[in-house]
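Descriptive structure summary
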Amino acid sequence: MKFVTEGKPCIALINNRYSDFIDKLKFSFSRSIILKPIDKINDGYPSEEETEVLNKLQSRIISEFISLLEP
């Protein structure tokens, strides 16, 4: 899935192989999100501007997951 946030291009890969797994309620689950910076400085770390964008995006993603879990 390709999208743009904060004016930056993003790509999401979603693996839903286990969505129909019969015993999935018996196992805990985890979500992994890897954000790769475009504007990099030394050692591949994001620039200050990109760090702010990535932190905002991370907060939005976490908030969305939490809202899905709430009854």
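Bear in mind the structure is a predicted one, so any value in this text is a computation, not a measurement. (Residues numbered from 1 in each chain as written. Predicted model: local features only at pLDDT ≥ 70, side-chain atom pairs only at ≥ 80, totals over all residues. Heavy atoms only, no water.)

What about the overall build of the chain?
The helix and strand tally for the chain stands at one helix and two strands. Element order for the chain, N to C, with α for helix and β for strand: β-β-α. Here the C-alpha atoms of the chain give a radius of gyration of 15 Å, more than 25% beyond the 11 Å that 2.2 N^0.38 yields for 71 residues. By its C-alpha atoms, the chain is 45 × 25 × 20 Å across when sized along the principal axes. For the chain, the proportion of its 71 residues judged to be buried stands at 14%. Of the contacts formed within the chain by residues at least 6 apart in sequence, a portion of 33% connects residues at least 24 apart. (Helix = DSSP H or I, 4+ residues; strand = E, 2+ residues; numbered from the N terminus. Rg over C-alpha atoms; globule rule 2.2 N^0.38 Å. Buried < 20%, exposed > 50% of the residue type's maximum accessible area, 1.4 Å probe, protein only. Contact = heavy atoms within 4.5 Å.)

Things to note about the layout of surface pockets
Using a probe with the size of a water molecule, rolled over the atoms, empty space left in the structure can be pinpointed. The space that makes up the largest pocket amounts to roughly 1600 Å³. Taken together, 38 residues form the lining of the largest pocket, with Leu13, Ile14, Ser32, Ile33 and Phe65 sitting closest to its centre. Those elements giving two or more residues to the lining of the largest pocket turn out to be strand S1 (2-5), strand S2 (8-11) and helix H1 (48-69). For the lining of the largest pocket, the element with the most residues is H1, which contributes ten residues. (1 Å grid on protein atoms, 1.4 Å probe; cavity = no way out; pocket = protein on both sides within 12 Å on 5 of 7 lines; lining within 4 Å. Points joined across faces, edges and corners; volume = space filled by probe spheres on them.)

Some words on the pattern of salt bridges
As a working rule, side chains carrying opposite charge can pair if their charged atoms are close by. Counted under the stated rule, the structure contains two salt bridges. Linking aspartate 23 and lysine 26 is a salt bridge whose minimum nitrogen-to-oxygen distance equals 3.7 Å. On the basis of relative accessibility, which here comes to 32%, the residue aspartate 23 falls in the partly exposed class. Residue glutamate 52 is joined to lysine 56 by a salt bridge in which the shortest nitrogen-to-oxygen separation is 3.4 Å. One end of the pair, glutamate 52, and the other, lysine 56, are both in helix H1, four residues apart, so they sit about a helical turn from each other. Residue glutamate 52 is classed as partly exposed on the basis of its relative accessible area of 47%. Judged by relative accessible area, which is 41%, lysine 56 ranks as partly exposed. (Salt bridge = Lys/Arg side-chain N within 4 Å of Asp/Glu carboxyl O.)

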